[in-house]
Amino acid sequence: MGTITRSGVLKKTNDGARIIVTTILGLLFGFFVGISFQSVSFSKIQLPSSLSTSIEVAVKEENIYQKTESPGSISSPPNPRIYVSTNPRGAELLPPGIVVSETDFYLRRLWGEPSEDLKKKPKYLLTITVGLNQRKNINTMVQKFSEDFQILLFHYDGRTSEWDEYEWSKSAIHISIRKQTKWWYAKRFLHPDVVAAYEYIFIWDEDLGVEHFNGEKYMELVKKHGLEISQPGLEPNNGLTWQMTKRRGDREVHKFTEEKPGWCSDPRLPPCAAFVEIMAPVFSREAWRCVWHMIQNDLVHGWGLDFALRRCVEPAHEKIGVVDSQWIIHQVIPSLGSQGQAENGKAPWEGVRARCKNEWSLFQNRLANADKAYFAEVGKG
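Definitions and cut-offs
Residue numbers restart at each chain and count upward from 1, following the sequence in its written direction. Residue-level local features of this predicted model are given only where pLDDT is at least 70; pairs of side-chain atoms are given and counted only at 80 or more, and the full residue set underlies all totals for whole chains, interfaces and linings. For the side-chain quantities, the full set of heavy atoms in the structure was used; hydrogens and water were omitted. Within 6.5 Å between ring centres, the rings of Phe, Tyr and Trp (the latter by its six-membered ring) count as paired, and their orientation is classed by plane angle as stacked under 30 degrees, edge-to-face over 60, tilted in between. Helix numbering and strand numbering both begin at the N terminus, where a helix is a DSSP run of H or I of at least 4 residues and a strand a DSSP run of E of at least 2. With a 1.4 Å probe rolled over the protein chains alone, any residue whose accessible area is under 20% of its type maximum counts as buried; one over 50% counts as exposed, and the rest are partly exposed. When DSSP finds two or more bridges between a pair of strands, those strands are recorded as paired. Call a crossover right-handed when, viewed with both strands pointing away from you, the route from the first strand across the helix to the second goes clockwise. Identification of polar contacts relies on pairs of N or O atoms within 3.5 Å, with a donor-acceptor requirement for protein atoms, meaning one able to donate a hydrogen and the other able to accept it, and with residues adjacent in sequence counted only if both atoms are side-chain atoms. By definition in these notes, contact holds between two residues if any of their heavy atoms fall within 4.5 Å. A patch consists of residues whose relative accessible area exceeds 30% and which take part in no salt bridge; residues with like charges are grouped when within 9 Å of each other, and nonpolar side chains (Val, Leu, Ile, Met, Phe, Trp, Tyr) when within 5 Å. In these tables, accessible area is a Shrake-Rupley quantity obtained with a 1.4 Å probe, and a residue counts as shielded only by the protein chains included in the view. Salt bridges, as used here, are contacts in which a Lys or Arg side-chain nitrogen is within 4 Å of a carboxyl oxygen on Asp or Glu. Only buried residues count toward a nonpolar core, which is a set of Ala, Val, Leu, Ile, Met, Phe, Trp, Tyr and Cys residues joined through side-chain atoms within 4.5 Å. When the sulfur atoms of two cysteines come within 2.5 Å, that pair is taken as a disulfide.

Q: So what about the packing of aromatic side chains? Which residues, and what values?
A: Counting across every chain of the model gives 27 aromatic pairs. When the centroid spacing of 5.9 Å and the interplanar angle of 55 degrees are considered together, the rings of phenylalanine 202 and tyrosine 218 count as tilted. Placement of the pair is phenylalanine 202 in strand 4 (residues 200-204) and tyrosine 218 in helix 5 (residues 215-224), with a sequence separation of 16 residues. Of the residues examined, phenylalanine 202 reaches a relative accessible area of 0% and is grouped as buried. Residue tyrosine 218 is classed as buried on the basis of its relative accessible area, which comes to 0%.

Q: Give me the lowdown on the pairing of strand 2 (residues 149-155), citing residues and values where you can.
A: By the criterion of burial, strand 2 is predominantly enclosed, with 7 of the 7 residues buried. Burial along strand 2 is two-sided: the residues Phe149, Ile151, Leu153 and His155 and Gln150, Leu152 and Phe154 are all buried. Summarising the sheet, strand 1 (residues 124-130) and strand 2 pair through 7 bridges and their orientation is parallel. Pairing of threonine 127 across the sheet is with leucine 152, part of strand 2. Following the chain from strand 1 across helix 3 (residues 135-142) to the adjacent parallel strand 2, one finds a crossover that is right-handed.

Q: With reference to specific residues and values, describe the side chain of histidine 155.
A: Positionally, histidine 155 belongs in strand 2. Its relative accessible area of 0% is what places histidine 155 among the buried residues. A distance of 3.2 Å separates the side chain of histidine 155 from the backbone oxygen of arginine 159, its partner in a polar contact. At a separation of 2.8 Å, a polar atom in the side chain of histidine 155 contacts the side chain of histidine 174. Contact partners of histidine 155, with chain neighbours within four places excluded, come to Val130, Thr160, Trp163, His174, Ile175, Ser176, Ile177, Arg178 and Tyr185.

Q: Before we move on, could you go through unusual backbone geometry and cite the residues and values that matter?
A: Across the junction of proline 270 and proline 271, the peptide omega takes the value 0 degrees, indicating a cis bond. Examined against the element boundaries, proline 271 turns out to sit in the loop between strand 7 (253-254) and strand 8 (282-284). Of note, the phi angle at lysine 179 is positive, near 55 degrees, even though the residue is not glycine. Along the chain, lysine 179 falls in the loop between strand 3 (173-176) and helix 4 (182-189). A positive phi angle, near 55 degrees, is found at valine 332, a position not held by glycine. Relative to the assigned elements, valine 332 resides in the loop between strand 9 (320-330) and helix 9 (348-377).

Q: Could you give an account of the environment of threonine 140, naming the residues involved and the relevant values?
A: Examined against the element boundaries, threonine 140 turns out to sit in helix 3. A C-alpha to C-alpha distance of 9.8 Å links threonine 140 and leucine 208, two positions 68 residues apart in sequence.

Q: Account for the pairing of strand 9, naming residues and giving values.
A: Within strand 9, 9 of the 11 residues are buried, leaving the element largely enclosed by the surrounding structure. Pairing geometry for strand 5 (residues 208-209) and strand 9, over 2 bridges, is antiparallel. Of the residues in strand 9, the one forming a bridge with leucine 208 is histidine 330. Across 6 bridges, strand 6 (residues 229-234) lies against strand 9 in parallel orientation. Looking at the pairing, glycine 233 lines up with tryptophan 327 of strand 9. Where strand 7 lies against strand 9, 2 bridges are found, and the strand directions are antiparallel. Bridge pairing in strand 9 places histidine 254 opposite valine 322.

Q: Can you tell me about a nonpolar patch on the surface, naming the residues and giving the values?
A: Among the surface-exposed residues, Tyr374, Phe375 and Val378 lie close enough to one another that they form a single nonpolar patch of about 280 Å² accessible area. Within the secondary structure, tyrosine 374 sits in helix 9.

Q: Lay out the nonpolar core in plain terms, naming residues and giving numbers.
A: Across soluble globular proteins, you tend to see nonpolar side chains buried next to one another. Counting 43 residues, the largest nonpolar core has Trp183, Leu190, Ile229 and Trp288 as its most contacted members. Elements represented by at least two residues in this core include exactly strand 2, strand 3, helix 4, strand 4, helix 6 (285-294), helix 7 (305-308), strand 9 and helix 9. Looking at which element gives the most residues to this core, the answer is helix 6, with 5 residues. Dropping the residues within four chain positions of it, tryptophan 183 is found in contact with Ile203, Ile278, Pro281, Phe283, Trp288, Ile295, Val300, His301, Gly302 and Leu305. Counting 34 residues, the second-largest nonpolar core is a separate cluster that includes Trp163, Leu208, Met219 and Ile328.

Q: Give me the state of the cysteines: which residues, what numbers.
A: With the rule as written, the count across this model stands at 2 disulfides. There is a disulfide in this structure between cysteine 264 and cysteine 272, and the S-S distance comes to 1.8 Å. Where cysteine 264 bonds to cysteine 272 through sulfur, the torsion about that S-S bond is close to 90 degrees, and the disulfide is right-handed. Assessed through its relative accessible area of 5%, cysteine 272 is described here as buried. Here cysteine 290 is linked by a disulfide to cysteine 312, with a sulfur-sulfur distance of 2.0 Å. With the S-S dihedral at roughly -70 degrees, the linkage between cysteine 290 and cysteine 312 falls on the left-handed side. Of this pair, cysteine 290 sits in helix 6 while cysteine 312 is found in the loop between helix 7 and helix 8 (316-319), placing the two residues 22 residues apart along the sequence. Assessed through its relative accessible area of 30%, cysteine 290 is described here as partly exposed. Counting only the cysteines that take part in disulfides, in the order they occur along the protein, gives the pairing 1-2, 3-4.

Any functional reading would require information beyond the geometric quantities listed.
See below:
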């Protein structure tokens, strides 16, 4: 029995020694592996591309931070310290090189290189507020504009898919919101930073006859005569309201006219000069940036705006004009009135017309009050 006891003790002793030796060897192995790992380059380790890119960015940002920290300071690395006051509002924390403050309506592919997306960049933007009932006339209008024009349709009747019967419609921009006016659309979708890629912006009605009009020739004349705000001349016998927009057959462009006695306090002011109507205006990129800011959010018909456009260019009587040799016909189709609502026994169009007149008065009052407040503030009131 004694021999059996001694052999059991010896076995336990050997097992304990073996565990201790194994532990020591494991610690030594881990120590040497740790020293060796420090000399291994990340470039020799195959990581997924997305992970390796993230590591590189993190290392670069940490290096930038460490270089800007004072010697001996200890803290966790934040994002790079950037504040650029000249960046657009809201982008001050970004490096200027990554800021893209403007955009466009250019169509992009879902594949390939971005730099190869566009074979040709349209130089001008043609926007028309439309309903499906006028599609044939719109199709005729679009044919008068070359591929230098990007087409954008604002749909007030909510019907867009039917326009695909026209091939050009498949590359046009379609924005559909029911029962709104073109100035409502313009304020919301034609921000100057959105349309900055286009040299000129057309904001046209849908009921215009263009038999005697060509988009390219029109632009040639606009540039030739230095017009920042313009419109085609109107056929004298159709839908004419003002003498200034009446087509003259003996010239390319006119900038002045004579109105009824007492209508013009100054021959250089509207409606005798510095004036176009709101049915078919064309704005340069620079002029539109100003006009957009003048459009009121809640005044959707644009009445009164035509008399105020002169504030956006200097000298207005030289940079606002009517192009006579490229002229249009106002067909006077009351499509907008049909989008109204009958109230108090009045037809839909009557309510629309009443609001138009009311907005004209509201706009004039707001502009006059803004002028008064400004001059009072600068001490000229």
